[in-house]
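Architecture and fold: a report
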Amino acid sequence: DGGITQSPKYLFRKEGQNVTLSCEQNLNHDAMYWYRQDPGQGLRLIYYSQIVNDFQKGDIAEGYSVSREKKESFPLTVTSAQKNPTAFYLCASRFRDGEAFFGQGTRLTVV
Amino acid sequence: AQRVTQPEKLLSVFKGAPVELKCNYSYSGSPELFWYVQYSRQRLQLLLRHISRESIKGFTADLNKGETSFHLKKPFAQEEDSAMYYCALLYSSASKIIFGSGTRLSIRP
């Protein structure tokens, strides 16, 4: 079954802890993206990567970090420096001039 | 700065009425624009992109470079069109994609 998979679906974090969200794709896509979705604010770009071992900051990168060691994987770490991490996180991937395909999302809640 | 603006947070129309969801962009280069849709409990998916010039589910969108707009239109709304709609801009040189804040379309029976 091809596609883009995010895990876990729900994640709870205590204040002051780092947490990593997983994003895996088997579509052989070069580019991958992380967005944060908040009510009334749409999708805001956190980080994106065009190729392996390379990534760029998006519009709201502060408090987040990523890695792109494999083409298939683009994990996002929400660090304790992120002041308001409770949100819905979406991962996407894209092949060259194609459309972006999205995962089902991870809902992160700080408790 | 590059930006995508969707001025309406909520648009409510009656079934059978025409629909227009507005999208304006600011980008100094040659834009590539998309409309994505998110139905309840489903993942975000592509509705249409301007370079394909297709009509999907009765929706069309024309790129107007003079007005920097990419409005989404449908002549006769159906109840199954109720969803969240996002306009998106691709910076092709950087593979960067930014989205508008979204418009929730509600079709009343």
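Residues numbered from 1 in each chain as written. Chains lettered and ligands numbered in written order. Predicted model: local features only at pLDDT ≥ 70, side-chain atom pairs only at ≥ 80, totals over all residues. Heavy atoms only, no water.

**Quick look at the layout of surface pockets**
- If you add up the space inside the largest pocket, you get close to 730 Å³.
- What lines the largest pocket is a set of 28 residues, among which Gln37, Phe88 and Arg107 of chain A together with Gln38 and Arg41 of chain B lie closest to the centre.
- When residues of the lining of the largest pocket are traced back to their parent elements, those giving at least two are strand S4 (31-38) and strand S9 (87-94) of chain A together with strand S9 (83-91) of chain B.
- The element contributing the most residues to the lining of the largest pocket is S9 of chain A, with three residues.
- Its residues assigned to classes, the lining of the largest pocket shows nine nonpolar, 12 polar and seven charged. (1 Å grid on protein atoms, 1.4 Å probe; cavity = no way out; pocket = protein on both sides within 12 Å on 5 of 7 lines; lining within 4 Å. Points joined across faces, edges and corners; volume = space filled by probe spheres on them. Helix = DSSP H or I, 4+ residues; strand = E, 2+ residues; numbered from the N terminus. Nonpolar A, V, L, I, M, F, W, Y, C, P; charged D, E, K, R; others polar.)

**Some details on the interface of chain B and chain A**
- At the junction of the two partners, chain B supplies 20 residues and chain A supplies 20 residues.
- Between chain B and chain A, the buried area comes to about 1,800 Å², and carbon and sulfur atoms account for 48% of it.
- Note that lysine 96 of chain B is salt-bridged to aspartate 59 of chain A, the shortest N-O span being 3.6 Å.
- Counting only elements with at least two residues in the side of chain B that touches chain A, the list comes to strand S5 (32-38), strand S6 (45-49), S9 and strand S10 (96-99) of chain B. (Contact = heavy atoms within 4.5 Å. Buried area = accessible area lost by both parts, 1.4 Å probe. Salt bridge = Lys/Arg side-chain N within 4 Å of Asp/Glu carboxyl O.)

**Examining the sheet that holds strand S1 (residues 4-7) of chain A**
All names here are of chain A.
- Taken together, the four strands give an open sheet; going across it, the order is S1-S3-S8-S7, and neighbouring strands pair in antiparallel fashion. Only two strands of the sheet have a single neighbouring strand rather than two, namely S1 and strand S7 (64-66). Across the sheet, the mean angle from the axis of one strand to that of its neighbour is 20°, orientation sign disregarded.
- By the bridge criterion, three bridges tie S7 to strand S8 (residues 76-78) in an arrangement that is antiparallel. (Pairing = 2+ DSSP bridges. Axes fitted to C-alpha atoms, helices over the stretch in contact; angles between N-to-C directions.)

**Details of the state of the cysteines**
All names here are of chain A.
- By the definition in use, this model includes two disulfides over all chains.
- One disulfide in the model links cysteine 23 with cysteine 91; its S-S distance is 1.9 Å. Between cysteine 23 and cysteine 91 the sulfur-sulfur dihedral comes to about -75°; the bridge is accordingly left-handed. Here cysteine 23 is found in strand S3 (residues 19-25), whereas its partner cysteine 91 is found in strand S9, with 68 residues between them in sequence. Here cysteine 23 matches cysteine 91 in class, with each residue buried. (Disulfide = S-S within 2.5 Å. Buried < 20%, exposed > 50% of the residue type's maximum accessible area, 1.4 Å probe, protein only.)

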